[in-house]
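Okay, here's what each chain looks like letter by letter:
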Amino acid sequence: MDGTQRRDRARVTGTASAVVAGLGAAVGASAIAAGDIAAAWGTGGGSQRATLAVCAPDEDALTLAWRAGVAALKAAGIDAASVDALYWGTARPPMPEGPSHAFLAAALGLAPTSGGLLATGSALAGMDALCAGWDAVSSGHARIVVVVASDALVPGAGTAGERETGAGAAAVVLVAYGAYGAIAGDAPALLYARVTATRPVLDRHRGDGMEATADAYDARLYREKVLVPAVSSVHEILAKSVDGATAWSLPDPDGSLAKVVARSVGVAAVCSEGVHAAIGDTGAAAPLLGAFRGLARPGTVAVVGYGAGRATGVAIEVTGEVPGAREAAVVAHGESIRDGDRIGYVELARSRGQIVPLAEPVAMGVPPGSAAFVRGAGEIFGFAGRRCDVCGTVAVPPSIHPVCPGCGSTGGNLVALARSGTVQTFVVNETMPPPFEAPLPLVVCDLDDGARVMLQGLSTDATVLAVGDRVDLELRRYALERGVPVYGFKARRSHVATGEEP
């Protein structure tokens, strides 16, 4: 260990174990070849053959986090209402200051009394959230927590980072070791060791007033004097606590650094291999997305993340396949990306807000902080309706339907609505003013619980949508109003009318 490494502050924490009860993953709904980005600028270099999963215009770090969180809770077989806290890590939250965490907690269906935190500021935010959730569970402050790491970074146009940056999310359900047996039986995996090493250097960053994330100043200097030494410090200490790790998830921000690090520390089994080439660098979500393949079989998985001068590693003992690991690994390795998801460079720049139309966007007319939004926030994110206690009709949204449309009664109770249904009718708008994207379907759905709702659909479904199709409801971003993201559920086509898979 050289003098610089000796000056690193490293710590091994032996805390009580936490059970990994369920996993989930999500990636951006669009995809672009890294080579197409390079071609747009007439440059080479980078992992040109890689595919980047990127956000559609109505997606961001929060909507990806919601998808991953829902999948993890489903895999764990845990009702969201029983979750005590949400720990969310993202380098780029939808609002630098605002209710991002509260929005996500409500959309996931967590109780209004749930706790947690939003970790941000670097690509290590996901690992910070994981450790904070682990501490809450092992200390007895929470029994069940959801940890989500997500990012949809905006790299500088024409930079090397633009050819590497994807968008994705990973979610982990953690349960207190003493409580897990009462819920599901034997624990499939345990968190049991942790290491953190710090190095006060400036690498990838985004300062005040900067819209895009800047690359490291010198790629070679970053590799040789920052990333490799920091991860090596973590590996050296963590390996002493880990009895022969069977798989490692290592930082891989450019598609080649994981191999460099692996050779440097003598690691052969890298479960994160191939993730960058399939979906790109997903920032805060990358360490966990890289670990999912290793969590699908017994062994010991070491997960290492790096960001903003800090590296953190954790060890997970896997005794059996963690629920959701196999499905999450499929997503993390890009196997869910279809040819129809591909976009070009101009579409990518539009979705990231790096090019905008000259036309003035049409204002909603109702500020996001107005009384209407305050009154209806719970039913928007929780997707709730009022079921009449006289005739059973479900009124949606309840805040603007104080009287039952079926019988005129004013009585009833709020109920969570079903998240899937059947298309009753629809219309496709071929011309839409900014910020909406045409073609835009408006879909009337009969939900599986009997409620009828009208929602926006997805532009990608506009040419194939049909009456009788099955749809799933997904949280998406409807608009950006006065700098504030406005969210709501949209209908995504899942099956054709006959029930046959598309």
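Quick note: structure is the one above.
Reading the values: rules and limits
Residues numbered from 1 in each chain as written. Predicted model: local features only at pLDDT ≥ 70, side-chain atom pairs only at ≥ 80, totals over all residues. Heavy atoms only, no water. Axes fitted to C-alpha atoms, helices over the stretch in contact; angles between N-to-C directions. Helix = DSSP H or I, 4+ residues; strand = E, 2+ residues; numbered from the N terminus. Parallel < 35°, antiparallel > 145°, perpendicular 65-115°, else oblique. Left-handed = near helix turned anticlockwise from the far one by under 90°. Contact = heavy atoms within 4.5 Å. Nonpolar A, V, L, I, M, F, W, Y, C, P; charged D, E, K, R; others polar. Salt bridge = Lys/Arg side-chain N within 4 Å of Asp/Glu carboxyl O. Buried < 20%, exposed > 50% of the residue type's maximum accessible area, 1.4 Å probe, protein only. Polar contact = N/O pair within 3.5 Å; in protein donor to acceptor, adjacent residues only side chain to side chain.

Undergrad: Would you mind going over the packing of helix α7 (residues 219-241) against helix α8 (residues 257-265) with me for this structure?
TA: What describes two packed helices is the angle between their axes and the distance between those same axes. Relative orientation of the contacting elements α7 and α8 amounts to 55°, with a least axis distance of 10 Å. Considering their axes alone, α7 and α8 lie oblique with respect to each other. Remark: the crossing between α7 and α8 carries right-handed chirality. Contacts from Tyr222, Arg223, Leu227, Val228, Val231, Ser232 and His235 in α7 reach Leu257, Val260, Val261, Ser264 and Val265 in α8. Tallied by class, the residues present in the contact of α7 with α8 amount to eight nonpolar, three polar and one charged.

Undergrad: Would you take a moment to explain the pattern of salt bridges for this structure?
TA: Should their charged atoms come close, side chains of opposite charge can pair. Applying the stated criterion across every chain, the model contains 21 salt bridges. Two residues, Arg310 and Asp128, come together in a salt bridge whose shortest N-O distance is 3.1 Å. In this pair, Arg310 sits in strand β12 (residues 310-318) while Asp128 sits in helix α5 (residues 125-138), placing the two residues 182 residues apart along the sequence. Accessibility expressed as a relative area gives 28% for Arg310, which makes it partly exposed. Ionic pairing is found between Glu474 and Arg476, a salt bridge with its closest N-O pair at 3.0 Å.

Undergrad: I would appreciate a short explanation of the side chain of Arg476 in the present structure.
TA: Within the secondary structure, Arg476 sits in strand β19 (residues 470-481). For Arg476, a relative accessible area of 5% translates into the label buried. For Arg476, the side chain forms a polar contact with the side chain of Asp58, separated by 2.9 Å. For Arg476, the side chain forms a polar contact with the side chain of Glu474, separated by 3.0 Å. Beyond its immediate stretch of four places on either side in the chain, Arg476 contacts Ala29, Ala56, Asp58, Glu59, Thr63, Leu458, Val486, Tyr487, Gly488 and Lys490.

Undergrad: Help me understand unusual backbone geometry in this model?
TA: Most peptide bonds are trans, and most residues other than glycine sit at a negative phi. In this chain, Val396 is followed by Pro397 through a cis amide linkage whose omega measures -10°. The omega torsion across Ala438 and Pro439 is 0°, close enough to zero to call that bond cis. Relative to the helices and strands, Pro439 resides in the loop between β16 (420-429) and β17 (440-447). Of note in the backbone geometry, Ala308 takes a positive phi value of approximately 55° without being a glycine. With respect to the element layout, Ala308 can be found in the loop between β11 (299-307) and β12. For Ala308, a relative accessible area of 42% gives the class partly exposed. At Phe383, a residue that is not glycine, the phi angle is positive and equals roughly 50°. Turning to its location among the elements, Phe383 is positioned in the loop between α13 (371-382) and β13 (384-387).

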